[in-house]
Amino acid sequence: AQRVTQPEKLLSVFKGAPVELKCNYSYSGSPELFWYVQYSRQRLQLLLRHISRESIKGFTADLNKGETSFHLKKPFAQEEDSAMYYCALQYGNKLVFGAGTILRVKS
Amino acid sequence: EAGVAQSPRYKIIEKRQSVAFWCNPISGHATLYWYQQILGQGPKLLIQFQNNGVVDDSQLPKDRFSAERLKGVDSTLKIQPAKLEDSAVYLCASRSGIGHYGYTFGSGTRLTVV
């Protein structure tokens, strides 16, 4: 069955420290993977997708098919990065989410 | 472009009462989704519409939940009767059907069943 696992409920880092939010997936086909972000009192929004290999707000994510992972990284965390982050897997017309990780950036 | 509109923003009801949520997707978006997000969990798909037809409702508790999308535009999700475990945020999303950038989420309805 298709599944997305985010092992950390909460990740707390200091401003300027590197960030890595972990995501592992289970899917037998070619995965389409995404990171969504939800800032406080805002709606869920797309942060980035693996297929575009882009950097958004300093975040990058690389798909590792061997390890079935799609970890989200940023070299230097900023306070405005504090939010809930969801990893998501798309197959067909369906989008399956992980449980989410709260990122808290302390000053 | 206007976003996905949902109402109400909040709703508190007693168990065994009924409740309905409304969603107005982005104009022209053929696909509409309802997700349930329980506190501490990621959004879970309840039902997916393509225009006014149901594509997937395999995770919808059909004994108490129902949804419709008349004329392929607005959609309503109903719970009758509600249970305590239905307390969650109900998210509506729509998609143009082209690529992935089409997914747009509404701000959700937070339901509390007491």
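It should be noted that the structure appears before, not after, this text.
Notes on the structure follow.

So, how was this worked out
Residues numbered from 1 in each chain as written. Chains lettered and ligands numbered in written order. Predicted model: local features only at pLDDT ≥ 70, side-chain atom pairs only at ≥ 80, totals over all residues. Heavy atoms only, no water. Disulfide = S-S within 2.5 Å. Helix = DSSP H or I, 4+ residues; strand = E, 2+ residues; numbered from the N terminus. Buried < 20%, exposed > 50% of the residue type's maximum accessible area, 1.4 Å probe, protein only. Pairing = 2+ DSSP bridges.

### Topic: the state of the cysteines
Linking two cysteines covalently through their sulfur atoms gives a disulfide. As enumerated under the stated definition, the model contains two disulfides over all chains in all. Across a sulfur-sulfur distance of 2.0 Å, A:Cys23 and A:Cys87 are joined as a disulfide pair. Residues A:Cys23 and A:Cys87 are joined through a disulfide that is left-handed, its torsion about the S-S bond being -65°. Remark: A:Cys87 occurs in strand S9 (residues 83-91) and A:Cys23 occurs in the loop between strand S3 (19-21) and strand S4 (24-26); sequence separation between them is 64 residues. With respect to class, A:Cys23 is no different from A:Cys87; both count as buried. One disulfide in the model links B:Cys23 with B:Cys92; its S-S distance is 1.9 Å. Of note, the bridge from B:Cys23 to B:Cys92 carries an S-S torsion of about -70° and is left-handed in sense. Linking B:Cys23 in strand S3 (residues 19-24) with B:Cys92 in strand S9 (residues 88-95), this pair joins segments that are 69 residues apart in sequence. On the basis of relative accessibility, which here comes to 0%, the residue B:Cys92 falls in the buried class.

### As for the pairing of S9(B)
Residues and elements named next belong to chain B. With eight of eight residues buried, S9 lies mostly within the body of the structure. Because side chains alternate across S9, one face comprises the buried residues Ala-88, Tyr-90, Cys-92 and Ser-94, and the other comprises Val-89, Leu-91, Ala-93 and Arg-95, equally buried. Both strand S4 (residues 31-37) and S9 contribute to a ladder of seven bridges, which runs antiparallel. Bridging across to S9, Gln-37 finds its partner in Val-89. Looking at chain direction, S9 and strand S11 (residues 109-113) are connected through three bridges and run antiparallel. Counted as the bridge partner of Val-89 is Arg-110 from S11.

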